[in-house]
Amino acid sequence: MGLYIETHIHTDLDDLWAHTQDPAQHQRWDLRFTEIDHLPRAEGEPQRFRYAARVLPFLKVSGTGVTAGEKERPDGTRTSALRFVSPHPLSLLAEGSGYWRYVPDAQGVRFLTGYDYRPRWGAFGALADRLLFRPLTGWATAWSFDRLRLWLERGITPERALANWLAELAVRALVLTACLTGLGRESGIRVFGPFAATVAFLCPLLLMVALSLALLKAPLACTPAARRCLRTPVTHAHAPRLLAALEQHG
């Protein structure tokens, strides 16, 4: 099953195009890539590129691909498509393809993507992809789209957005730790003095409230969140013809 992600960004179409088509800008907001470099090309040929992704602190996988875009379309939308392949033996992604669509409206731009890939490593790779890698890739794409939205709408740079996310994650972890350790200890309850008995009685309720806030509270407005993006198309989505045209260059 292919992946689909959509967000709506209150921005200018040209600005969104620049932030997504320029490799230097793209690699700043897209969590999936560490490096993206355009390769030399002949006039009239699709743009070839090289990419790298750090999947572990000590492991970076790389690959190459080809991309093309349609900046002027009769309906006012724009499209870009790509095909990629990774020969790295430790890359679960063997090859894949996808597209971006830019659909302007009165409030900004609908920015959406659809893509799919073929995992390697046989049956084990297919299982690992279905249970772990594909959900994680979908989350990373949606999180990155919201990170891009914050950059264009509120001027929060990708680096600041990541710092905000890590800080909020740390606060939630501290709340969970405090709930699971401090309130469960008798010494922690004693600090409430004459209200200790009442606090001890209310501890289960307090624990549930704190856990709910730490796990379920909506992220701050300045923090990227995958949940803000659509993960299924509102209407039928189909790949652009541009993607099929890239097959001869893959």
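Before going into details, it helps to say that this report is about the structure given with it. Residue positions are given per chain, counted from 1 along the sequence in the order it is written. At least 70 in pLDDT is required for a residue's local features to be given in this predicted model, at least 80 for side-chain atom pairs to be given and counted, and no such filter applies to totals for whole chains, interfaces and linings, which use all residues. Side-chain descriptors were evaluated using all non-hydrogen atoms of the structure, hydrogens and water having been removed beforehand.

Turning to the overall build of the chain, a few remarks are in order. Secondary structure elements follow DSSP: runs of H or I of four or more residues count as helices, runs of E of two or more count as strands, with numbering from the N terminus. A tally of helices and strands in the chain yields seven helices and seven strands. Helices (α) and strands (β) of the chain occur, in sequence order from the N terminus, as β-α-α-β-β-β-β-β-β-α-α-α-α-α. The cut-offs for exposure are 20% and 50% of the maximum accessible area for each residue type, with area from a 1.4 Å probe on protein chains only; residues under the lower value are buried, those over the upper are exposed, and the others partly exposed. Evaluated residue by residue, the chain yields a buried proportion of 40% over its 250 residues. Residue contacts follow a heavy-atom distance rule, with two residues in contact if any of their heavy atoms lie within 4.5 Å. Pairs at least 24 apart in sequence give 59% of the contacts found in the chain among residues at least 6 apart. What sets the accessible areas is the Shrake-Rupley method with a 1.4 Å probe; for residues, cover comes only from the shown protein chains. Summed over all atoms, the accessible surface of the chain reaches about 14,300 Å², with 63% contributed by carbon and sulfur.

Here the focus is the pairing of strand β1 (residues 3-9). Across the seven residues that make up β1, a large majority, six, are buried. Paired strands, as defined in this entry, are two strands with at least two bridges between them according to DSSP. As paired strands, β1 and strand β7 (residues 108-119) are joined by seven bridges and run antiparallel to one another. What sits directly across from I5, in β7, is T113.

Okay, the layout of surface pockets next. A probe matching the size of a water molecule, rolled over the atoms, marks out where space remains unfilled. Two kinds of site are reported from a 1 Å grid over the protein atoms alone, namely cavities, where a 1.4 Å probe fits but cannot get out, and pockets, open sets with protein on both sides within 12 Å along at least five of seven lines, and residues are called lining when an atom falls within 4 Å of a point. Grid points are joined across faces, edges and corners, and a volume is the space filled by probe spheres set on the points. Considering only enclosed or pocket space, the largest pocket measures out at about 1,200 Å³ in volume. Lining of the largest pocket is provided by 43 residues; of these, R32, F33, A53, L93 and F133 occupy positions nearest its centre. Gly is placed with the polar residues, together with every amino acid not listed as nonpolar (Ala, Val, Leu, Ile, Met, Phe, Trp, Tyr, Cys and Pro) or charged (Asp, Glu, Lys and Arg). Here the lining of the largest pocket is built from residues that sort into 27 nonpolar, twelve polar and four charged.

Let us now look at the packing of aromatic side chains. Remark: the centre distance and the inter-plane angle together describe each pair of aromatic rings, the angle taken between the planes. Note on aromatic pairs: the rings of Phe, Tyr and Trp (six-membered ring only in Trp) are paired at centre separations within 6.5 Å, and the planes decide the class, stacked below 30 degrees, edge-to-face beyond 60, tilted for the rest. A full pass over the atoms with the stated rule returns 14 aromatic pairs. Aromatic side chains W17 and Y102 sit 5.0 Å apart centroid to centroid with 50° between the ring planes, which places their arrangement in the tilted category. Placement of W17 in helix α1 (residues 13-21) and of Y102 in strand β6 (residues 93-105) is noted, with a sequence separation of 85 residues between them. Of the two residues, W17 and Y102, neither departs from the other in class, the shared state being buried. Taken together, the aromatic side chains of W17, W29, W100, Y102, F111 and F145 make up a single cluster linked through ring pairs. Put simply, a charge is over a ring when the Lys NZ or the Arg CZ is close to the ring centre, within 6 Å, and near the line of the ring normal, within 35 degrees. Sitting over the ring of Y115, R32 keeps its end group 5.4 Å from the ring centre. It is R134 that lies over the ring of Y117; its NZ or CZ is 4.3 Å from the centre.

Turning our attention to helix α3 (residues 122-154). Because each turn of an α-helix spans 3.6 residues, side chains separated by three or four positions end up pointing in the same direction. Taken as a whole, α3 carries its principal kink of about 55° at D129. Backbone geometry just downstream of α3 places G155 in the positive-phi region, at approximately 75°. For a residue, the bend is simply the angle between two axes, fitted respectively to the seven-residue segment ending there and the seven-residue segment starting there.

Relative to each other, α1 and α3 sit at 135°, their axes nearing to 11 Å. Between α1 and α3, the interaxial angle falls into the category oblique. By crossing handedness, the relation of α1 to α3 is classed as right-handed. Of the residues in α3, those touching α1 at D15, L16, H19 and T20 are L148, W151 and L152. Broken down by class, the residue content of the contact of α1 with α3 amounts to four nonpolar, two polar and one charged. Simply put, an axis is a line fit to the C-alpha atoms, just over the touching stretch for a helix, and the angle between two N-to-C directions goes from 0 to 180 degrees. Any angle between 65 and 115 degrees counts as roughly perpendicular, while under 35 counts as roughly parallel, over 145 as roughly antiparallel, and the rest as oblique. Crossing handedness follows the turn of the near helix against the far one: under a right angle anticlockwise gives a left-handed crossing, and clockwise gives a right-handed one.

Notably, W121 is not glycine yet its phi reads approximately 75°, a positive angle. With respect to the helices and strands, the residue W121 is situated in the loop between β7 and α3.

Before going further, it helps to spend a moment on the pairing of β6. Most of β6 is tucked away: ten of the 13 residues are buried. Bridge analysis of strand β5 (residues 78-85) against β6 gives eight bridges, and the strand direction is antiparallel. Within β6, the residue paired with R83 across the bridge is S97. Judged from the twelve bridges that link them, β6 and β7 form a sheet pairing that is antiparallel. Paired with R101 across the strands is L112, a residue of β7. A loop of two residues connects β6 with β7, the two strands running antiparallel in sequence.

So, on to the pattern of salt bridges. Just to be clear on terms, a salt bridge is a Lys or Arg side-chain nitrogen sitting within 4 Å of an Asp or Glu carboxyl oxygen. According to the stated counting rule, one finds 14 salt bridges in the structure shown. A salt bridge links E168 to R172; the nearest nitrogen and oxygen atoms lie 2.7 Å apart. Of this pair, E168 and R172 both sit in helix α4 (residues 158-181), four residues apart, which is roughly one turn of the helix. Residue class for E168 comes out buried when judged on its relative accessible area of 11%.

Function cannot be inferred from these measures alone, as they are strictly geometric.
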